[in-house]
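# Structure at a glance
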Amino acid sequence: MKAPITMNQAQVYGISKQNSKEIFQFFQKNFGCTRKVYNLCVDSCYKQLEQAGYTNGDDLPEFSFPKVSALKKDYPYLKEADGLGLANSVLDFQKAYKTFRNQKDRSAYRKSALRRDRSGKEPLSFRGLKGIPRFHAKSAGYFSYRTACQYPKEGNALKRPTIRLEGSILYLPKLKHGVKLIIHRKLPEDAHILNATVFMDTDGTYQVSICYSYTFLMEMDYREAAAQEQPLPKETSFLGLDYSQKDFYVDSEGRKANYPKYYRRSEQKLARLQKSICRKEKDGKNYQKNMRKIQKLHAKIKHQRHDYLQKLSTELVSRYDVIVVEDINLRAIGGCLSLGKNLHDNGFGLFREMLAYKLWKKGSCLVRIDRMYPSSKTCSVCGVVKPDLKLSDRIYICPECGCVIDRDYNAAVNIREEGKRIFLTYLKEAMEKAEEAKIRQEAAKERRQKKKKTA
Ligand SMILES: [Zn+2]
């Protein structure tokens, strides 16, 4: 059985290079102005903390944040940028501040701050705390702005939505003639555009991500079975994936992903470029030329990786109803030097996210089993747990039944079986969480509207 479900989704389009110079200048102006507004917020936050004599670990005071209208008076050039983009910048800062305020531990310092303190360059202060909002440096690559779509309503003089996609032309606030996009895929017919983010990639190309909500028919069999605690429909196919450093993953049918290591492939070229750049004078013409080459290569590797992961995840989701993975902490593994490079090269975390939203759309979900579950140590044939398994043991030999299996394959089978066991309860919890989030969002929206009315 199918039922209509409304979901938010984003679609990224490339911005055509045929657009006029003025359009790209307009984007650059917006990137600069939104960054300026964010930095002004950070500056005002630091000043207020200083005045309050804030020391680390204390509870944070409520702040008055700068308003865009006031900032425009001090910096008239901000008027040339998209006002909603600036407002979103303030909202982004508020979110960052709120996250910091709700952080459990607000007394730890960043490593770089401790280092500066040791070398006597800068004494420790709240500026070096972990998680505190920081200035956005141009050199760190903050080249984006997000604008919201406004619709004609009572009380405003709008005739059409401010963001529209007509053919291959995207209309954005303050861009009367629109901007030409490279359309490789259409938006759904009933797509209700929420916002658009224009950004510049590291290779210097411009892209826009359009976020929209739309309604589609979702298969409800699993969701209903989960909600009413009924047994699983019989022909449900499960797949377990065990993360592997070498092969990306090994699945519960014994196949390896055979992942092309894009970063490793380009590593030599990258090393050569990086070597030549350190011989060049910084900020010279050749330095910049070389830098662009490096950035382009990085972008290429990224695009190759994304493309591969998108295709692979789509294929798996079309073949299996439920996919089970281990909820391993990838960040902890990535921090480990000998293993890190492979991990960042293959993007297993991104892959998990892709699987998650694709399965969700299918009416199922990605099951993440507890990371304490002994998937490698359990025998997939008889169920005995072998406590003394080392990381170097590539073959699993069962002490009880004597079977000999590949270590990763054994783990993948165990992951699949554990996933089978918990799938429906897991799905039920996920549905409840999604419902709660929706209710929270709507409540926040109502609060905002009330605030507007009283103001
Ligand atoms: Zn056994």
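Cut-offs applied
- Residues numbered from 1 in each chain as written.
- Predicted model: local features only at pLDDT ≥ 70, side-chain atom pairs only at ≥ 80, totals over all residues.
- Heavy atoms only, no water.
- Helix = DSSP H or I, 4+ residues; strand = E, 2+ residues; numbered from the N terminus.
- Buried < 20%, exposed > 50% of the residue type's maximum accessible area, 1.4 Å probe, protein only.
- Polar contact = N/O pair within 3.5 Å; in protein donor to acceptor, adjacent residues only side chain to side chain.
- Patch = residues over 30% accessible without salt bridge, like charges linked within 9 Å, V, L, I, M, F, W, Y side chains within 5 Å.
- Areas by Shrake-Rupley, 256 points an atom, 1.4 Å probe, with all protein chains shown as cover.
- Salt bridge = Lys/Arg side-chain N within 4 Å of Asp/Glu carboxyl O.
- Phe/Tyr/Trp six-rings, centres within 6.5 Å; stacked < 30°, edge-to-face > 60°.
- Lys NZ or Arg CZ within 6 Å of the ring centre and 35° of its normal.
- Core = buried A, V, L, I, M, F, W, Y, C linked by side-chain atoms within 4.5 Å.
- Domains from an automatic or database assignment.
- Contact = heavy atoms within 4.5 Å.
- Buried area = accessible area lost by both parts, 1.4 Å probe.
- Lys, Arg positive; Asp, Glu negative; His and termini not counted.
- Charge placed at Lys NZ, Arg CZ, Asp CG, Glu CD.

What follows covers the side chain of Arg106. Within the element layout of this structure, Arg106 appears in the loop between α3 (83-101) and α4 (111-118). Relative accessible area serves as the criterion here: at 8%, Arg106 is assigned to the buried category. One polar contact links the side chain of Arg106 to the main-chain carbonyl oxygen of Arg101, over a distance of 3.0 Å. Within the local environment of Arg106, its side chain forms a polar contact with the backbone oxygen of Gln103, the two atoms lying 3.3 Å apart.

So, on to a nonpolar patch on the surface. There is a patch of nonpolar side chains on the surface, built from Ile395, Ile397 and Val404 and spanning about 280 Å² of accessible area. Considering the arrangement of structural elements, one finds Val404 in strand β13 (residues 404-406).

Next up on the list: the packing of aromatic side chains. Working definition: an aromatic ring pair is given by the centre-to-centre distance plus the angle between the planes. Applying the stated criterion across every chain yields a total of 29 aromatic pairs. Relative to Phe93, the ring of Phe65 lies with its centre 5.4 Å away and its plane at 75°, an arrangement referred to as edge-to-face. Placement of Phe65 in the loop between α1 (21-51) and α2 (68-74) and of Phe93 in helix α3 is noted, with a sequence separation of 28 residues between them. Here Phe93 falls in the buried class, since its relative accessible area comes to 0%. Above the face of the Tyr171 ring, Arg164 is positioned so that its terminal group lies 4.6 Å from the ring centre. Here the guanidinium or amino end of Arg223 rests over the ring plane of Trp360, the centre of that ring lying 4.5 Å away.

Time to look at the nonpolar core. The nonpolar side chains of a soluble globular protein tend to be buried with one another. Membership of the largest hydrophobic core comes to 46 residues, with the highest contact counts inside it found for Ile15, Phe27, Leu172, Val208 and Phe423. The element best represented in this core is strand β7 (residues 206-219), accounting for 7 residues. There are two domains that each give this core at least three residues, and those are domain 1 (2-218) and domain 2 (220-263 + 301-446). Counting residues in hydrophobic clusters, the runner-up holds 31 residues, among them Tyr249, Tyr262, Ile294 and Leu355.

Take the domain arrangement of the protein chain next. In terms of domains, the protein chain is made up of domain 1 (2-218) and domain 2 (220-263 + 301-446). On a C-alpha basis, the centres of domain 1 and domain 2 stand 33 Å from each other. In this complex, domain 1 contributes 10 residues to the contact, which on the side of domain 2 involves 8 residues. Across the domain 1 to domain 2 interface the summed buried area is about 740 Å²; carbon plus sulfur atoms make up 59%.

Following the sequence through the fold, Leu71 ends up in helix α2. Taking relative accessible area as the criterion, Leu71 reaches 8% and is therefore assigned buried. Sequence spacing of Leu71 and Tyr46 is 25 residues, and the spatial spacing of their C-alpha atoms is 17 Å. Leu71 has contacts with Val37, Leu40, Pro66 and Leu78, leaving out every residue within four places of it along the chain.

Residues Lys17, Arg265, Lys269, Arg272, Lys285, Lys289, Arg292, Lys293, Lys296 and Lys300 make up a contiguous surface patch of positive charge. Looking at the positive patch, the element that brings in the most residues is helix α7 (residues 285-319), giving 6 residues. One can find Lys296 in helix α7. Judged by relative accessible area, Lys296 falls into the exposed class, the value being 53%.

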